[in-house]
Amino acid sequence: MDQLPKYMKSVYKALLNLYDEIEREMAKQERTYAVHYLKEVAEELKVRHMATGVECYMKQHGVSKLEAVDEFYERIENAWKDINEEMMTMRPAAISKDLLMRILNYARLHDVGYKNDDGYTQAECVKDHVIALFVDPIPV
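Note that the structure is predicted; figures quoted are calculated from it, not measured.

**Quick word on helix H5 (residues 97-114)**
Turning to step 1, where the next piece is worked out: The end-to-end C-alpha distance of H5 is 25 Å, a good match for the 26 Å that 18 residues give at a rise of 1.5 Å each.
Turning to step 2, where the next piece is worked out: Within H5, the full set of buried residues consists of Leu99, Leu100, Leu104 and Gly113.

Following this line, the structure appears as structure tokens:
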């Protein structure tokens, strides 16, 4: 973790904590082997410079940035359809609902943060969302 830029350390630590929680849940089902692969991938994060998914897609498929971005938006839309369908048809107690909600909220966070731009490194992209949540929240 020491090799990561300062702004990535908290994200990396949160990701590892999430993997630990998933591993505990999978241990109940005797399926901890699956988490090992996630942790291995978390190690593509220690690289000093990592190409974006868009850059990789452009190179692999020989397409323009616009075409790659359009493809990603289509995949994201399809993924949300899959997520919503699974959440609506989920069998009770198949996996802890609390764990699923954490994963769903993690996906929601990224959807908001990266929908139009890089909301993590360019805070002005999510400024309105932060104000709506913390400065002017809707009373419950």
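**Digging into the packing of helix H3 (residues 53-61) against helix H4 (residues 65-89)**
Turning to step 1, where the next piece is worked out: The geometry of H3 relative to H4 is characterised by a closest axis approach of 9 Å and an angle of 115 degrees between their N-to-C directions. As for how H3 packs across H4, the hand of that crossing is right-handed. Each of Gly53, Val54, Tyr57 and Met58 in H3 lies in contact with H4, whose residues at this interface are Lys65, Ala68, Val69, Glu71, Phe72 and Arg75.

**Description of the side chain of Glu21**
Turning to step 1, where the next piece is worked out: Looking at where Glu21 falls in the secondary structure, it is placed in helix H1 (residues 6-28).
Turning to step 2, where the next piece is worked out: For Glu21, a relative accessible area of 18% gives the class buried.
Turning to step 3, where the next piece is worked out: Reaching out from Glu21, the side chain makes a polar contact with the side chain of Arg102 at a distance of 2.9 Å.
Turning to step 4, where the next piece is worked out: Here Glu21 is in contact with Leu99 and Arg102, once residues within four sequence places are set aside.

**Describing the environment of Tyr73**
Turning to step 1, where the next piece is worked out: Within the secondary structure layout, Tyr73 lies in helix H4.
Turning to step 2, where the next piece is worked out: You can call Tyr73 partly exposed: its relative accessible area is 38%.
Turning to step 3, where the next piece is worked out: Distance in space between the C-alpha atoms of Tyr73 and Lys115 is 8.8 Å, their sequence separation being 42 residues.
Turning to step 4, where the next piece is worked out: Leaving out residues up to four positions away in the same chain, Tyr73 has contacts with Lys115 and Asn116.

**A closer look at a nonpolar patch on the surface**
Turning to step 1, where the next piece is worked out: Among the surface-exposed residues, Val130, Leu133, Phe134 and Val135 lie close enough to one another that they form a single nonpolar patch of about 440 Å² accessible area.
Turning to step 2, where the next piece is worked out: Inspection of the secondary structure puts Val130 in helix H6 (residues 127-135).

**A closer look at the side chain of Glu25**
Turning to step 1, where the next piece is worked out: With respect to the helices and strands, the residue Glu25 is situated in helix H1.
Turning to step 2, where the next piece is worked out: The exposure class assigned to Glu25 is buried, which follows from its relative accessible area of 15%.

**Looking at the packing of aromatic side chains**
Turning to step 1, where the next piece is worked out: A full pass over the atoms with the stated rule returns one aromatic pair.
Turning to step 2, where the next piece is worked out: Relative to Phe72, the ring of Tyr57 has its centre 5.7 Å away and its plane inclined at 85 degrees; by these criteria the two rings are edge-to-face. One end of the pair, Tyr57, is in helix H3; the other, Phe72, is in helix H4, with 15 residues separating them in the sequence.
Turning to step 3, where the next piece is worked out: A relative accessible area of 27% means that Phe72 is categorised as partly exposed.

Rules used throughout
- Residues numbered from 1 in each chain as written.
- Predicted model: local features only at pLDDT ≥ 70, side-chain atom pairs only at ≥ 80, totals over all residues.
- Heavy atoms only, no water.
- Helix = DSSP H or I, 4+ residues; strand = E, 2+ residues; numbered from the N terminus.
- Expected span 1.5 Å × (residues − 1).
- Buried < 20%, exposed > 50% of the residue type's maximum accessible area, 1.4 Å probe, protein only.
- Axes fitted to C-alpha atoms, helices over the stretch in contact; angles between N-to-C directions.
- Left-handed = near helix turned anticlockwise from the far one by under 90°.
- Contact = heavy atoms within 4.5 Å.
- Polar contact = N/O pair within 3.5 Å; in protein donor to acceptor, adjacent residues only side chain to side chain.
- Patch = residues over 30% accessible without salt bridge, like charges linked within 9 Å, V, L, I, M, F, W, Y side chains within 5 Å.
- Areas by Shrake-Rupley, 256 points an atom, 1.4 Å probe, with all protein chains shown as cover.
- Salt bridge = Lys/Arg side-chain N within 4 Å of Asp/Glu carboxyl O.
- Phe/Tyr/Trp six-rings, centres within 6.5 Å; stacked < 30°, edge-to-face > 60°.

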